Amino acid sequence: MKFTYDVIRKPIITERSMSGIQDNKYTFEVAADAGKIEIKKAVEEIFGVKVLKVNTIKLPGKWKRMGVHVGKRPDIKKAVVTLTPDSKKIEIFDNMV
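First, a word on scope: everything that follows refers to the structure included in this document.

Cut-offs used in this document
Residues numbered from 1 in each chain as written. Predicted model: local features only at pLDDT ≥ 70, side-chain atom pairs only at ≥ 80, totals over all residues. Heavy atoms only, no water. Helix = DSSP H or I, 4+ residues; strand = E, 2+ residues; numbered from the N terminus. Areas by Shrake-Rupley, 256 points an atom, 1.4 Å probe, with all protein chains shown as cover. Lys, Arg positive; Asp, Glu negative; His and termini not counted. Charge placed at Lys NZ, Arg CZ, Asp CG, Glu CD. Phe/Tyr/Trp six-rings, centres within 6.5 Å; stacked < 30°, edge-to-face > 60°. Buried < 20%, exposed > 50% of the residue type's maximum accessible area, 1.4 Å probe, protein only. Pairing = 2+ DSSP bridges. Axes fitted to C-alpha atoms, helices over the stretch in contact; angles between N-to-C directions. Contact = heavy atoms within 4.5 Å. Core = buried A, V, L, I, M, F, W, Y, C linked by side-chain atoms within 4.5 Å.

When helices and strands are tallied, the chain shows three helices and six strands. Scanning the chain from its N terminus toward the C terminus, one meets helices and strands in the order α-β-α-β-α-β-β-β-β. Viewed in the frame of its principal axes, the chain has a C-alpha envelope of about 55 × 35 × 20 Å. Summed over its atoms, the accessible surface of the chain is roughly 6900 Å², and 56% of this surface lies on carbon and sulfur atoms. The positive charge centre, built from 20 side chains, and the negative charge centre, built from 12, are 8 Å apart in the chain.

Structure follows, in C-alpha cells:
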C-alpha cells in the first residue's frame with residue numbers, strides 16, 4: 001500500500017500547465033506505477049477538491065553525454081487533473097498565475 005504523498009511527487013509549473021488553470025486543469029508529476037484511480041484519490045485527499053477526470057502520460061528520459069560518459073535521465077509520469085466546475089481551486093497554484 002502506498003501513502004498519499006508517495007503518489008503525488010510535485011506540481012509541474014510551465015507556461016502550458018499554467019494556461020490550463022483557467023479550465024480547472026492542474027499538472028503534477030506522479031509515481032511511475034500510480035494508476036488514475038490512485039492519483040484521483042490522492043489529489044482529493046491532499047487538496048480537498050473534487051476530481052472530474054485524470055489524464056496521464058509517460059515521458060521517457062533523455063540520453064545525455066558528458067565527455068565519454070553516457071547516461072540517461074529518469075523516465076517520468078505526468079498527470080493532468082481536471083476538477084469539477086463546483087470544486088474549489090488548488091491554493092499552491094493561485095500565486096503563480
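A word on the packing of aromatic side chains. By the definition in use, this model includes three aromatic pairs. Between the aromatic rings of Tyr26 and Phe93, the centroid separation amounts to 5.0 Å while the plane-to-plane angle is 45 degrees, which identifies the pairing as tilted. With Tyr26 in strand E2 (residues 25-30) and Phe93 in the segment after strand E6 (76-83), this pair connects stretches of sequence that are 67 residues apart. For Tyr26, a relative accessible area of 1% translates into the label buried.

Turning our eyes to something else, we now look at the sheet that holds strand E1 (residues 8-11). Pairing is antiparallel across the open sheet formed by four strands, whose spatial order is E1-E2-E6-E3. The sheet is open, and its two borders are formed by E1 and strand E3 (51-59), each paired with just one other strand. Averaged over all adjacent pairs, the angle separating strand axes in this sheet is 30 degrees, with direction ignored. Here E3 runs beside E6; their pairing, made up of eight bridges, is antiparallel. When the bridges of E6 are listed, Thr56 appears paired with Ala79. Along the sheet, helix H3 (residues 36-47) contacts E1, E2, E3 and E6; its crossing angle with E3, the most-contacted strand, is approximately 120 degrees.

Another point: the nonpolar core. Of all hydrophobic cores here, the largest spans 21 residues; its most connected members are Ile8, Phe28, Ile39, Val43, Val81 and Ile90. Taken together, the elements giving at least two residues each to this core come down to E2, H3, E3 and E6. The biggest single contributor to this core is H3, with four residues. Residues in contact with Phe28, not counting those within four places in the same chain, are Ile8, Lys10, Pro11, Ile12, Val43, Phe47, Lys77, Lys78, Ala79, Val81, Ile90 and Phe93.

Right, let's talk about the side chain of Thr27 for a bit. Among the structural elements, Thr27 can be located in strand E2. Excluding its chain neighbours within four sequence positions, the residues that come into contact with Thr27 are Pro11, Ile12, Ser17, Lys78, Ala79, Val80 and Phe93.

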